[in-house]
Amino acid sequence: MRVMRTLVLAAALSWGGLAQAQEREFTPGPVIADYGAVAEVPGAEPLPEDARFSVAFDIAEAAEDGAVSRRLESAVRFINMHARAGVAAENVRVAIVVHGGAHRDLLARSADGGDNPNAGLIAALIAQGAEIYLCGQTAAYYGVDAEDLLPGVRMSLSAMTAHALLQQRGYTLNPF
């Protein structure tokens, strides 16, 4: 029994060291430096030289109060990791469709009336050319008007409509 406990403790300690080592491998940029840290992946399949991506992210899960949305940050990671892999920034198009409780991550003011912690992230995405849509049906349900949204966020008739129009423009849906 003592040997088993020792082995379990040794494994836990080594896993903890491994987790710390892995965290240090995630670094910011190169396109959006303040968000979306990514890791190098040695041995990954090389991307074609002419790779182009048009990807839509569907977000319904809100960030925890006072926190930056990890779902929104996934779009930044997508941009940064492909730039690191050699894909030109102009060949990576990102759209984000938000509905449900995640609508609050797009509001100019947080629930407590303060600044939205996602404002910088959203501004960085929009500056990079990302399109961000709020489902109009969600907005109607929660009493959100277009002027309640952060600058650059667009109101769509619905999340379904936004996705259908993005698909017509060649966007694929990124599953979470």
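Residues numbered from 1 in each chain as written. Predicted model: local features only at pLDDT ≥ 70, side-chain atom pairs only at ≥ 80, totals over all residues. Heavy atoms only, no water.

Trainee: When you look at the environment of arginine 77 in this model, what are you seeing that I'm missing?
Mentor: Along the chain, the position of arginine 77 falls in helix 2 (residues 70–84). C-alpha separation for the pair arginine 77 and isoleucine 32, spaced 45 residues apart in sequence, amounts to 8.7 Å. Not counting residues up to four positions away in its chain, the partners in contact with arginine 77 are Gly36, Ala37, Val38 and Arg70. Among the polar contacts made by the side chain of arginine 77, one reaches the side chain of serine 74 at a distance of 2.6 Å. (Helix = DSSP H or I, 4+ residues; strand = E, 2+ residues; numbered from the N terminus. Contact = heavy atoms within 4.5 Å. Polar contact = N/O pair within 3.5 Å; in protein donor to acceptor, adjacent residues only side chain to side chain.)

Trainee: Honestly, helix 3 (residues 119–127) in this entry has me stumped. Any pointers?
Mentor: Helical periodicity: at 3.6 residues per turn, an α-helix aligns residues three or four positions apart in one direction. All of the buried residues in helix 3 are Leu121, Ile122 and Leu125. Taken end-on, helix 3 shows its buried residues confined to a sector of 95 degrees, consistent with a single buried face. At the exit of helix 3 stands glycine 129, carrying a positive phi of roughly 100 degrees. (Buried < 20%, exposed > 50% of the residue type's maximum accessible area, 1.4 Å probe, protein only. Arc of directions from axis to C-beta.)

Trainee: What is the right way to look at the packing of aromatic side chains in this model?
Mentor: How two aromatic rings sit relative to each other is given by the distance of their centres and the angle of their planes. Taken as a whole and judged by the stated rule, the model has three aromatic pairs. Geometrically, the ring pair formed by tyrosine 141 and tyrosine 142 is edge-to-face, given 5.0 Å between the ring centres and 85 degrees between the ring planes. Grouped by ring-pair contacts, the aromatic residues Phe53, Phe57 and Phe78 constitute a single cluster. (Phe/Tyr/Trp six-rings, centres within 6.5 Å; stacked < 30°, edge-to-face > 60°.)

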